[in-house]
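In case you want the letters, here they are:
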Amino acid sequence: MDREQLHIGVEGAIIAALAMALEYVPHTVGPSAIEVSLGLVPLTLYALRRGFRPALLSGLIWGILDLVLRGFSTGGVLNPLQGFIEYPIAFAAVGCAGLAMPGLHRAIQAHDHRKMVGYSIWGAFLAVIVKYFFHFLAGAIYWGSYAPKGMNAWLYSLTINGGSAIVGFIMTAVIVVALVVTMPQLFMPKDTQNVAAI
Amino acid sequence: MNKLLIGRYIPGNSFVHRLDPRTKLLASFYYIGIIFLADNWQTYLVLLLFTLAAIAMSKIKLGFFWKGVRPLIWLILFTVLLQVFFTQGGHVYWHWGIFTLSQYGLINGTYIFVRFVLIIFMSTLLTLTTPPLALADAVEYILYPLKYVHFPVYEVALMLSIALRFVPTLMDETEKIMNAQRARGVDFGEGSLMQRIKSLVPLLIPLFVSSFNRADDLATAMEARGYRGGEGRSKFRILKWHAADRWVGLSFIVLTIILIVLR
């Protein structure tokens, strides 16, 4: 492990820990029936700062932490395949926001505020849509094994996860845009050579 | 927030507490898999007795396990009611519009309820008898075979240890910054949806700045101490299989055979 990898890895670990810590903050945003994950914000920011691969690993760590610290004790795993998709896979998928990193970095360097906002929203959209797509799959597997025969498991999963995805996207996009406008340096590592290639 | 328990571990020295965390983790996943083999009252009874025996061996009161069911009670009731009122077949006791209370519906509803309770009891047993750090070590061990498909196992292992170490620290820091911002007049729970979302920005900026600084300091310190990572690094916590772990493995094989025979 070289110096650059070590710095990126340690940063990813701390961001995963922060995402987990923020999960314990009482959520007062949005309707109470819809689960909102505040942890999406640090992971999206990290993905836009470091790129796809480091964010994928950091998301995976967040997923394992959530499984170990919350998932098992709250009955989050009710089917082995559902548990596998719901935790390691769905959480790692937040790293997809990193696909918007090169464009955002170019916009920040060019001080192009419109593009900065556009790429931040695109990053938040990718993070949320891919994460909740996997939650939707996991939900369909859950309802497929627990709902009566003939019930449309896909529709139920879409209804439940769709609401969370919309609220999660609005929250993540608003916060990430506010951060990129007020403190763009958060999205640029000190040594820009550290930026991982996609 | 600093009083909030991370994980639900109850210290003890029972047979279940002493088992290797890898055994407990793999056994829990395996149990959640084989529970789907149960399809009649005999198989559910066998699973119930097996689970109660495991709970008795942990020497933890049953009340702690019921507490594990509580957060999921609405999901359980919703799923059970769907089964009860929408499953067709057998003698019909009551019918109104799209709802039918049938013999098969009642039986399926009961089975689904028992399945939920048993899965939650078993995963609660895992978290009550295994510290989160040991569970993370077990997850790390299970990931090792992935190194053959070029998965960065050692990188993930390092990141997992660091992340677990820093969750309580960052929770404390979040609380401190929230209190400091409240003292400056920030209200995290008031106003419209947009105002409430925006009120999180003054919390998140100092948190990100301190997290990045912390990561930088930690990586520099590791580098200064010659950290290289990768294969061949020794571990502080070493996991060892014992005879008890083999007995647990054997009991699960026997349980699987019984379920296959009885179904």
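Note that this is a predicted model, so its numbers are computed, not measured.

What counts, and where the lines are drawn
- For every chain, the first residue of its written sequence is number 1, and the numbers climb from 1 along that sequence.
- Here chains are named by letter from A upward and ligands by number from 1 upward, in the order in which they appear as written.
- Local features in a predicted model are, by the rule used here, given only for residues with pLDDT of at least 70; side-chain atom pairs are given and counted only at 80 or more, and totals for whole chains, interfaces and linings are based on all residues.
- As a convention, hydrogens and water are excluded, and side-chain values are obtained from all of the structure's heavy atoms.
- Here a helix means four or more residues in a row that DSSP labels H or I, a strand means two or more in a row labelled E, and each is numbered from the N terminus.
- Put simply, the radius of gyration uses C-alpha atoms, and a globule should come to 2.2 Å times the residue count raised to 0.38.
- In this analysis, two residues are considered to be in contact whenever any of their non-hydrogen atoms come within 4.5 Å of each other.
- Residue exposure ignores everything except the shown protein chains as possible cover, and the areas themselves are Shrake-Rupley values with a 1.4 Å probe.
- The charge count treats Lys and Arg as positive and Asp and Glu as negative. His and the chain ends do not count.
- Where a charge lies is defined by one atom per residue type: Lys uses NZ, Arg uses CZ, Asp uses CG and Glu uses CD.
- Salt bridges are counted wherever a side-chain nitrogen of Lys or Arg sits within 4 Å of a carboxyl oxygen of Asp or Glu.
- Remark: exposure states derive from per-residue accessible area (1.4 Å probe, protein chains only) relative to the maximum for the residue type, with buried under 20%, exposed over 50%, and partly exposed in between.
- Only the six-membered ring of Trp is used, alongside the rings of Phe and Tyr, when aromatic pairs are assigned; centres must lie within 6.5 Å, and planes under 30 degrees apart are stacked while those over 60 apart are edge-to-face, with the rest tilted.
- Ring-over charges, as used throughout, are those where CZ of Arg or NZ of Lys falls within 6 Å of the ring centre and within 35 degrees of the ring normal.
- Defined in terms of a 1.4 Å probe, buried area is the accessible area two parts forfeit on being brought together, summed over both.
- Definition of a polar contact: a pair of N or O atoms within 3.5 Å, with one able to donate and the other able to accept a hydrogen when the atoms are protein atoms, and with sequence-neighbouring residues admitted only if both atoms are side-chain atoms.
- Delimitation of the domains relies on an automatic or database domain assignment.

**Q** If you had to explain the overall build of chain B to someone new, which residues and values would you point to?
**A** When you go through chain B residue by residue, the secondary structure sums to eleven helices and two strands. Beginning at the N terminus, the succession of helices and strands in chain B can be written as α-α-α-α-α-β-β-α-α-α-α-α-α. A compact globule built from 263 residues would reach a C-alpha radius of gyration of about 18 Å, whereas chain B, at 24 Å, exceeds it by more than 25%. Dimensions of chain B along its principal axes, counting C-alpha atoms only, are 70 × 55 × 40 Å. In chain B, once contacts between residues fewer than 6 apart in sequence are set aside, the share between residues at least 24 apart is 70%. Of the roughly 14,100 Å² that chain B leaves accessible, carbon and sulfur atoms contribute 66%. Averaging the positions of the 26 positive and the 15 negative side-chain charges in chain B gives two centres separated by 8 Å.

**Q** Any details on the pattern of salt bridges? Residues and values, ideally.
**A** Residues and elements named next belong to chain A. Across all of its chains, the model carries nine salt bridges over all chains by this definition. For R50, the salt bridge is made with E11, and the minimal N-O distance between the two is 3.0 Å. Highlighted residues: R50 in helix α2 (residues 40-50) and E11 in helix α1 (residues 3-23), separated in sequence by 39 residues. Residue R50 is classed as buried on the basis of its relative accessible area, which comes to 3%. Between R70 and D66 there is a salt bridge, and its shortest N-O distance comes to 3.1 Å. Here R70 and its partner D66 are both found in helix α3 (residues 52-71), four residues apart, which amounts to about one turn of the helix. You can call R70 partly exposed: its relative accessible area is 24%. Assessed through its relative accessible area of 3%, D66 is described here as buried. Bridged by salt links that share partners, the residues E11, R49 and R50 form one connected network.

**Q** Describe in detail the packing of aromatic side chains, supporting the description with residues and values.
**A** All told, the structure shown has 23 aromatic pairs over all chains when counted by the stated rule. Both rings, one in W62 of chain A and one in F91 of chain A, keep their centres 4.6 Å apart while their planes meet at 85°; by these two values the pair is edge-to-face. On the criterion of sequence distance, the pair formed by W62 of chain A in helix α3 and F91 of chain A in helix α4 (residues 80-92) is long-range, its members being 29 residues apart. The pair W62 of chain A / F91 of chain A is uniform in exposure class, with both members buried. Taken together, a centroid distance of 6.5 Å and an interplanar angle of 15° make the contact between Y31 of chain B and F50 of chain B stacked. Separated by 19 residues along the polypeptide, Y31 of chain B in helix α2 (residues 21-34) and F50 of chain B in helix α3 (residues 41-58) bring together distant segments of the chain. In terms of burial, Y31 of chain B and F50 of chain B fall into one category: buried. Over the face of the ring belonging to W241 of chain B we find R22 of chain B, whose NZ or CZ atom lies 4.0 Å from the ring centre. The ring of F166 of chain B carries R165 of chain B above its face, with NZ or CZ at 4.7 Å from the centroid.

**Q** Give a detailed account of the interface of chain A and chain B, specifying residues and quantitative values.
**A** Listed by partner, the interface residues are 62 residues for chain A and 75 residues for chain B. With both sides pooled, the region where chain A packs onto chain B buries about 6,200 Å², and carbon together with sulfur makes up 81% of that total. Applying the counting criterion to the chain A and chain B interface returns two salt bridges. A salt bridge links R3 of chain A to E223 of chain B; its shortest N-O distance comes to 3.0 Å. In this assembly, chain A and chain B are joined by six residue pairs in polar contact (both at pLDDT 80 or more).

**Q** Run through the domain arrangement of chain B, naming residues and quoting values.
**A** For chain B, the assigned domains are domain 1 (15-130 + 242-262) and domain 2 (144-225). Placing the centre of domain 1 of chain B and that of domain 2 of chain B at their C-alpha centroids yields a distance of 36 Å.

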